[in-house]
Amino acid sequence: ERLTTGTDGSMLNSESSSTGSDASTLAANANLTWMKRLDDSGRALVVNLGANLREPEESSDLASTTVVAASRPGGGDDGAGDDLTRDILQQRSETGRVFTNSQRVALTQPLGASQTLELFGLRRDVREDERREVFDVSGATPLPVPDLTSGLDQTYGYYRGGLRLARNTESLRLVLGMEGQRSDLQGTIDGRSESIENGYTHFLPSAELRLQIGESQNVSARYRTTTREPSMQELQPFADNTSPTNVYIGNPDLQPEYTHALQADWRYFDAFTFLNLFTYARLSHTSDDIVSSRTIDDRGFQTVQPLNAGQSWTASTGVNFGRPVRPLGINLSIDYGLNWTERPEFVNGAENESRIMGNSLSFQVQNRDKTHFDLTGTARFGFNDVAYSLNDELDQSYMNSSYGVSGTVYLGDAWTAGGDWRYQLYDPDVFGAAENVSLLNLSLSRFLFDEKGSIELAAVDLLNESQVVNLSSSANAISETRTQALGRYLLLRFNYRLGNLGGRGRTGPGGRR
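Values in this document were obtained by computation on a predicted structure and should not be read as measured data.

Trainee: Can you break down the overall build of the protein chain residue by residue, with the values?
Mentor: When helices and strands are tallied, the protein chain shows 2 helices and 27 strands. The buried share of the protein chain, taken over its 513 residues, is 32%. For the protein chain, the proportion of contacts with a sequence separation of at least 24, taken over those separated by at least 6, is 60%.

Listed below in structure tokens is the structure:
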């Protein structure tokens, strides 16, 4: 369900949609690597050939009811004084094929005892085709919907060459690299006398540093540059009305994104006390960022189209601390993270820059002796601040949290009982009187065939509150998506392990396998 309101809180439109789909995918891949040492100095030639095929197919039914308020902001109405209702019943069929083939040749030359030079070249082709047919089934006879029917064939060709210089010692690893990449796009749009043809050239420098400090510490840093080409959905100039109040149309004129990314981290581990500490920082900058441009009419209907717009920044940092607390017989872990994003989007042609900051804090406690049982308790808190340049009245700050317990009890050598419980709370000031979610699962299993097989009876969602809830903050909205899952049910499952790898997993101090 989707509800759009005006600035005064009154309804502009509402949408209720349900979709049923049947999908299948055929996939296959193959790789071949050939290596030859050329001389006694260690010079080597490596050739790698790869191919990947993926053929998805999906048929779906869409039933949607859209209600448009008769009275709209400014006092206008549609004359009848009643809300307008529109029903959509459609059948969709989508087929696609993605074939990727690549060839890579690399020459490695040692330069002394600790240095290596690598020269390489890469060629890769990605051929994609996609077809979508849409039929209106509201009447007795299915009728095609030409405006929603689409098809696109495209081929991305990549040519990349470069070099890497590496130095490796017991305490130092340093890698410097430079690559040049040429990518060419050729595409054909079904039913239109137009095609998509673009070529792009990028230089991609990189660097990596890792420094070992004694036996307990190490520091590392990495700099990378990458590109992201527009997806097929982003390029197709066809309407997707899966959400009738939020229609998406692709843009065949998109350019690839270009990103600089820098990250660094520090790790510490005390082998005597088992204390560990990890901290990190990341920063990235993207030019030609592919963002959304939204056109919203006075009824609240949105048309979304991607475009290249300016620059975006993301940054994150965090720290993780863990250690055993022997007097209590537990392992304690504390994790803190900070994320910050700044990127533009457009609303009715005006740039709307968003600044999103999120803080997360989590605690985890586990028992150390896992001979008879394995118990874990968690608590997570998320603090979010969202600010918009167009209208600061829409700025929001909210907190969500979750709590959970999971455990396994070993009943002799063959039987195992387990369960997990999670309670999710949402900020009522932002998401209204939304129901919090409590999930409870229990299971009983027995090992068979010398622990190579097992049979399990599981009771899933005993409280019948199962929902998949996703909360996200973007440049123009804070979104809450709730998807109802199957609900309370029983599951009988049999597993059999081939070979000798794996096992029961009852390990740890005092544990056994």
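Let's pick the thread back up.
Trainee: Describe in detail the nonpolar core, supporting the description with residues and values.
Mentor: Here is a general trend for soluble globular proteins: nonpolar side chains tend to be buried in one another's company. Counting 13 residues, the largest nonpolar core has Leu152, Tyr156, Leu185, Ile189, Ile196 and Leu235 as the members making the most contacts within it. Secondary-structure elements contributing two or more residues to this core are strand E7 (150-168), strand E8 (172-189), strand E9 (195-213) and helix H1 (232-235). With residues near it in sequence (within four places) discarded, Tyr156 still touches Arg124, Asp125, Val126, Asp184, Leu185, Tyr200, Glu229, Pro230 and Leu235. Core analysis: the second largest hydrophobic core is formed by 5 residues, Val134, Val145, Leu148 and Ala239 among them.

Trainee: Hey, could you go over the packing of aromatic side chains for me, with residue numbers and the actual values?
Mentor: All told, the structure shown has 7 aromatic pairs when counted by the stated rule. Here Phe449 and Tyr496 contribute two aromatic rings whose centre-to-centre distance is 6.1 Å and whose plane-to-plane angle is 70°, an arrangement assigned as edge-to-face. Remark: Tyr496 occurs in strand E27 (residues 489-496) and Phe449 occurs in the loop between strand E23 (437-448) and strand E24 (453-460); sequence separation between them is 47 residues. Accessibility expressed as a relative area gives 53% for Phe449, which makes it exposed. Taking NZ or CZ as reference, Arg124 lies 4.4 Å from the ring centre of Tyr158, over its face.

Trainee: How would you explain a nonpolar patch on the surface if you had to name every residue and give the values?
Mentor: Taken together, Phe373, Leu375, Tyr403, Val405, Val409, Leu411, Trp415, Trp421, Leu444 and Leu463 make up a surface patch of nonpolar side chains, about 840 Å² in accessible area. When contributions to the nonpolar patch are tallied by element, the ones reaching two or more residues are strand E20 (373-388), strand E21 (396-411) and strand E22 (415-425). The element best represented in the nonpolar patch is E21, accounting for 4 residues. Of note, Phe373 is situated in strand E20.

The rules behind these values
Residues numbered from 1 in each chain as written. Predicted model: local features only at pLDDT ≥ 70, side-chain atom pairs only at ≥ 80, totals over all residues. Heavy atoms only, no water. Helix = DSSP H or I, 4+ residues; strand = E, 2+ residues; numbered from the N terminus. Buried < 20%, exposed > 50% of the residue type's maximum accessible area, 1.4 Å probe, protein only. Contact = heavy atoms within 4.5 Å. Core = buried A, V, L, I, M, F, W, Y, C linked by side-chain atoms within 4.5 Å. Phe/Tyr/Trp six-rings, centres within 6.5 Å; stacked < 30°, edge-to-face > 60°. Lys NZ or Arg CZ within 6 Å of the ring centre and 35° of its normal. Patch = residues over 30% accessible without salt bridge, like charges linked within 9 Å, V, L, I, M, F, W, Y side chains within 5 Å. Areas by Shrake-Rupley, 256 points an atom, 1.4 Å probe, with all protein chains shown as cover. Salt bridge = Lys/Arg side-chain N within 4 Å of Asp/Glu carboxyl O.

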